There are 2 protein chains.
Amino acid sequence: MRISQLSERAGLPIGTVKFYLRTGLLPAGRALNATQAEYSESHVDRLLLIRALIEVGRLSVAEIQSVLATIDQPAALDEGMRSVQQVGVPKGKDVTAEQLAATLELVTGLGWTVEPDSPHMQSLARAIAALDSVGVPVSPARLKVYAEAASHVARSDIDWVLGFPQERQVELTLVNTALWEAMLGSLRRLASENQVARRRAGVPSPRVTIPTA
Amino acid sequence: MRISQLSERAGLPIGTVKFYLRTGLLPAGRALNATQAEYSESHVDRLLLIRALIEVGRLSVAEIQSVLATIDQPAALDEGMRSVQQVGVPKGKDVTAEQLAATLELVTGLGWTVEPDSPHMQSLARAIAALDSVGVPVSPARLKVYAEAASHVARSDIDWVLGFPQERQVELTLVNTALWEAMLGSLRRLASENQVARRRAGVPSPRVTIPTA
């Protein structure tokens, strides 16, 4: 197909498609002559992924460039999955070694096995420090509830990714990291509305048993 | 205290403090003369809150302006809590009435009572549409897991806020919305690391019973 049809199929203006071609987010089509190229279904799929990562995952073009490079290069599966899991991790001021050690103690106290030098440990330590600074320090009981919720979705994420052939697992880890994170954010705010409505009506919640770690 | 001490206490450069004064994020101090003002502990607290919302909550100055105005104006409690819960909700293209109706059906299928015109319904419908567009539509089973996790943290959020005096509840709903969201994001990524480590080692997860809605 030509660029005009590609643009229509992806629901993006031609100017945007050309921008993604120039920045290398979208691989070049098969050149037909000096000014025209032919595009395939794989170009449509790639554009739809880029569009979802920008509009819903809130990733920047630079972040998408780096993460698509990881998907396209055949690397070790574990390494690829770990790398795309870091997309969209907010950079911030470094936390102190003391804050990091205290955070690691909290996390291992949950029964979790994590990498102490994971960038997510830095983010977590920053969030804990921020709550301290506004006078409402994190209580172990509340951290436990959040950790249970996080484990519950992480198990589901990994089961889902492992249900696909290996060559798609890095791409689908990216979908989990960026798009299912948006799902969780929206659901969390809707769940608050539901909790308020339930309490007002005096309706108790049904219960379910989930894994804790 | 003078502006230099205020800046030191909040861990922010004097230029940043002056910017927050100019934009009205920080209320003016008590004027001592044409060029000097006296600031109080409440100025320190406000600066620490602004700093946490920017550095960890990733809110913009405009969003913080609007949300602090809600906190400072005595409004109905419910209205105030609903309003600060909308901070940081990503704006995006409108979803179709059909997409919104399908999303509402999914959410009520969870046993939840939500407001159909909530902005969070729009965000959820956009996330569902994005997953559809990349060829991995949301399954009801997986949505249920995410919804259980969201309910679990939402119950904890509301219990925590209601444990404080009413006049602080709008401010603490903001802390929940922005800062505990960052906690959940970091914990979710660490939980994935833990799940991978557990599976590799063949260690099963302990289980806990939680409310489902």
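Described below are features of the structure shown in this document. Given the structure is predicted, the values throughout are model-derived calculations rather than measurements.

Conventions and cut-offs
- Residues numbered from 1 in each chain as written.
- Chains lettered and ligands numbered in written order.
- Predicted model: local features only at pLDDT ≥ 70, side-chain atom pairs only at ≥ 80, totals over all residues.
- Contact = placed C-beta atoms within 7 Å.
- Helix = DSSP H or I, 4+ residues; strand = E, 2+ residues; numbered from the N terminus.
- Nonpolar A, V, L, I, M, F, W, Y, C, P; charged D, E, K, R; others polar.
- Least-squares fit on C-alpha atoms with pLDDT ≥ 70 in both.
- Buried ≥ 20, exposed ≤ 12 C-beta atoms within 10 Å, placed from the backbone.
- Core = buried A, V, L, I, M, F, W, Y, C linked by C-beta atoms within 7 Å.
- Domains from an automatic or database assignment.

The next subject is the interface of chain B and chain A. In this assembly, 71 residues from chain B lie in contact with 71 residues from chain A. Those elements giving two or more residues to the side of chain B that touches chain A turn out to be α3 (41-55), α7 (119-133), α8 (140-162), α9 (166-201) and β3 (207-211) of chain B. Looking at the side of chain B that touches chain A element by element, the count peaks at 21 residues for α9(B). By residue class, the composition of the side of chain B that touches chain A is 39 nonpolar, 18 polar and 14 charged.

Time to look at the relation of the copies chain B and chain A. Note on the copies: chain B fits chain A at an RMSD of 0.0 Å, the axial shift is 0.0 Å, and the rotation between them is 180°. Accordingly, the operation relating the two chain copies is best matched by a two-fold axis. A share of 100% of interface residues in chain B that are also interface residues in chain A marks the association as one of identical surfaces.

Here we take up the environment of S192(B). Structurally, the position occupied by S192(B) is in helix α9. Here S192(B) falls in the buried class, since 26 other C-beta atoms lie within 10 Å of it. As for S192(B) and S60(B), which are separated by 132 residues in sequence, their C-alpha atoms are 29 Å apart. With near-sequence residues (within four places) excluded, S192(B) lies in contact with Q85(A), A154(A), D157(A) and I158(A).

Further remarks concern the nonpolar core. One broad rule of soluble globular proteins: the nonpolar side chains tend to lie buried together. Grouped together as the largest cluster of nonpolar side chains are 112 residues, with contacts concentrated most on L179(A) and L179(B). Counting contributing residues per domain, this core is built from domain 1 (1-55) and domain 2 (75-213) of chain A, each supplying no fewer than three. When sequence neighbours within four positions are dropped, the list of residues in contact with L179(A) reads A52(A), V56(A), G57(A), A127(B), A130(B) and L131(B).

Here we take up the environment of R2(B). Position of R2(B) relative to the elements: it lies in the segment before α1 (3-10). Each C-alpha atom of the pair R2(B) and A37(B) lies 6.5 Å from the other, and the pair is 35 residues apart in sequence.

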